[in-house]
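Letter by letter, the chains look like this.
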Amino acid sequence: MNRFLLPVSVVGTVIGGTVLLKDYVAGGACPSKATIPGKTVIVTGANTGIGKQTALELAKRGGNIILACRDMEKCEAAAKDIRGETLNPRVRAQHLDLASLKSIREFASKIIEEEERVDILVNNAAVMRCPHWTTEDGFEMQFGVNHLGHFLLTNLLLDKLKASAPSRIINLSSLAHVAGHIDFDDLNWETKKYDTKAAYCQSKLAVVLFTKELSRRLQGSGVTVNALHPGVARTELGRHTGMHNSTFSSFTLGPFFWLLFKSPQLAAQPSTYLAVAEELESVSGKYFDGLREKAPSPEAEDEEVARRLWAESAHLVGLDMAHESPGRGHSLPR
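Everything quoted here is computed from the prediction, not taken from an experiment.

What counts and how
- Think of each chain on its own: its residues are numbered from 1, step by step along the sequence as written.
- Residue-level local features of this predicted model are given only where pLDDT is at least 70; pairs of side-chain atoms are given and counted only at 80 or more, and the full residue set underlies all totals for whole chains, interfaces and linings.
- Derived side-chain values reflect all non-hydrogen atoms in the structure, with water molecules and hydrogen atoms excluded from consideration.
- Joining through side-chain atoms within 4.5 Å is the link that ties buried Ala, Val, Leu, Ile, Met, Phe, Trp, Tyr and Cys residues into a set, and such a set is a nonpolar core.
- Throughout, exposure labels follow a simple rule: accessible area from a 1.4 Å probe, protein chains only, divided by the maximum for the residue type, with under 20% read as buried, over 50% as exposed, and the rest as partly exposed.
- Secondary structure is summarised from DSSP: a helix means a run of H or I of at least four residues, a strand means a run of E of at least two, and numbering begins at the N terminus for each.
- By definition, residues are in contact when any of their heavy atoms lie within 4.5 Å.
- As a rule, the C-alpha atoms of each element are fitted with a line to give its axis, helices using only the stretch in contact, and angles between N-to-C directions run from 0 to 180 degrees.
- Each crossing gets its handedness from the near helix: less than a right angle anticlockwise from the far helix is left-handed, clockwise is right-handed.
- When residues are sorted by character, Ala, Val, Leu, Ile, Met, Phe, Trp, Tyr, Cys and Pro go into the nonpolar class, Asp, Glu, Lys and Arg into the charged class, and all the rest, Gly among them, into the polar class.

Asker: How should I be thinking about the nonpolar core in this particular structure?
Answerer: Considering soluble globular proteins, one finds that nonpolar side chains tend to be buried as a cluster. In terms of nonpolar packing, the biggest core is built from 52 residues, with Ile42, Ile104, Leu157, Leu161, Ile169, Ile182 and Leu214 touching the most fellow members. Listing elements by their share of this core, those giving two or more residues are strand 2 (64–69), helix 4 (101–114), helix 5 (141–163), helix 6 (196–217), strand 6 (223–229) and helix 11 (303–317). Sort the elements by how many residues they give to this core and helix 5 lands first, with 11 residues. The contacts of isoleucine 42, once residues within four sequence positions are left out, are Ile66, Ala68, Phe107, Ile111, Val118, Ile120, Leu121, Val122 and Leu157. Counting 35 residues, the second-largest nonpolar core is a separate cluster that includes Cys75, Ala78, Val276 and Leu280.

Asker: Would you mind going over the packing of helix 2 (residues 49–60) against helix 3 (residues 72–86) with me for this structure?
Answerer: In helix packing, the relevant descriptors are the interaxial angle and the interaxial distance, both defined with respect to the helix axes. Where helix 2 meets helix 3, the axes come as close as 10 Å, and the angle between the chain directions of the two elements is 35°. Along this stretch, helix 2 crosses helix 3, giving a crossing that reads as right-handed. Across the interface between the two elements, Lys52, Ala55, Leu56, Ala59 and Lys60 from helix 2 touch Ala78, Asp81, Ile82, Glu85 and Thr86 from helix 3. When the residues that make up the contact of helix 2 with helix 3 are grouped by side-chain class, the tally is five nonpolar, one polar and four charged.

Asker: Before we go on, may I ask you to explain unusual backbone geometry in this structure?
Answerer: Trans is the prevailing form of peptide bonds, just as negative phi is the prevailing case for residues other than glycine. A cis amide bond links alanine 165 with the next residue in sequence, proline 166, at an omega value of 5°. By secondary structure assignment, the location of proline 166 is in the loop between helix 5 and strand 5 (167–172). Of note, the phi angle at leucine 87 is positive, near 60°, even though the residue is not glycine. Within the element layout of this structure, leucine 87 appears in the loop between helix 3 and strand 3 (91–95).

Written out as structure tokens, the structure is:
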């Protein structure tokens with residue numbers, strides 16, 4: 001009998017160690033137990049994946065949750081799921097298409113008119129490594145949705161966020177930002193050959209730079225803004241990479257994917273942490289890798305690049321005309 005004990009013990013140790021390693025790689029649960037009763041939260045792209053799980057986590061903590069999504073059928077279904085699981089009736093869906101400046105302005109106008117306050121804005125929605133698509137307004141899709149859409153949305157809601165202070169903005173970036181570079185000569189890939197991976201990395205670098213510059217502008221306002229890399233998660237975001245449809249990936253790399261890829265629930269923990277943790281109330285302009293603050297790439301720390309990107313972004317979305325016209329922003333040069 002004893003001869004079987006050692007192998008069983010070794011197997012148990014290996015399995016236990018693997019689970020612990022997975023937990024370490026993926027990051028754990030949000031360490032904060034803070035609740036947010038009475039606070040209004042907007043989560044973009046909340047019909048699936050990390051966004052839905054973030055909305056669920058914040059609904060559990062008593063927030064008034066607005067799911068802001070393009071696909072209203074999926075968004076309504078997600079809101080119903082969250083209400084059912086959390087027993088929080090204050091969860092609702094609202095249309096927002098981040099690939100349309102008109103839709104963003106309509107969404108923001110409705111929020112400003114109907115909501116007394118906005119305490120937490122989670123800019124979660126993203127497009128990853130899609131074909132060379134453009135938004136309604138002619139922007140390269142990844143730059144347009146991941147950066148410009150949230151740039152405009154956040155700026156349009158700033159007065160409401162300031163009036164609700166202390167309030168927080170959480171911008172989801174990615175570790176991929178370290179491979180990014182802001183090409184001011186061709187931000188929208190109009191002249192150079194399209195590289196979907198490089199376009200994604202540029203868009204996520206732009207998110208970190210936007211966070212840095214916005215934090216500088218918000219000093220003393222009571223509104224904080226931070227960026228984060230949630231980890232690599234098993235979500236629909238990677239549907240354009242082909243990775244999930246690959247037989248080689250599924251069978252050969254499957255065990256590694258299981259170890260390294262987070263569940264959407266685990267990947268939502270950093271967003272939840274930045275949204276509720278009392279110890280982060282005055283932390284702003286930082287980049288988090290999971291639950292830990294970390295230095296971003298050198299270009300992401302470049303203040304001159306951040307200021308220039310802000311000016312270019314404001315011009316592209318017509319931010320300087322935001323209060324004069326509800327229509328489209330400046331068109332791109334053709």
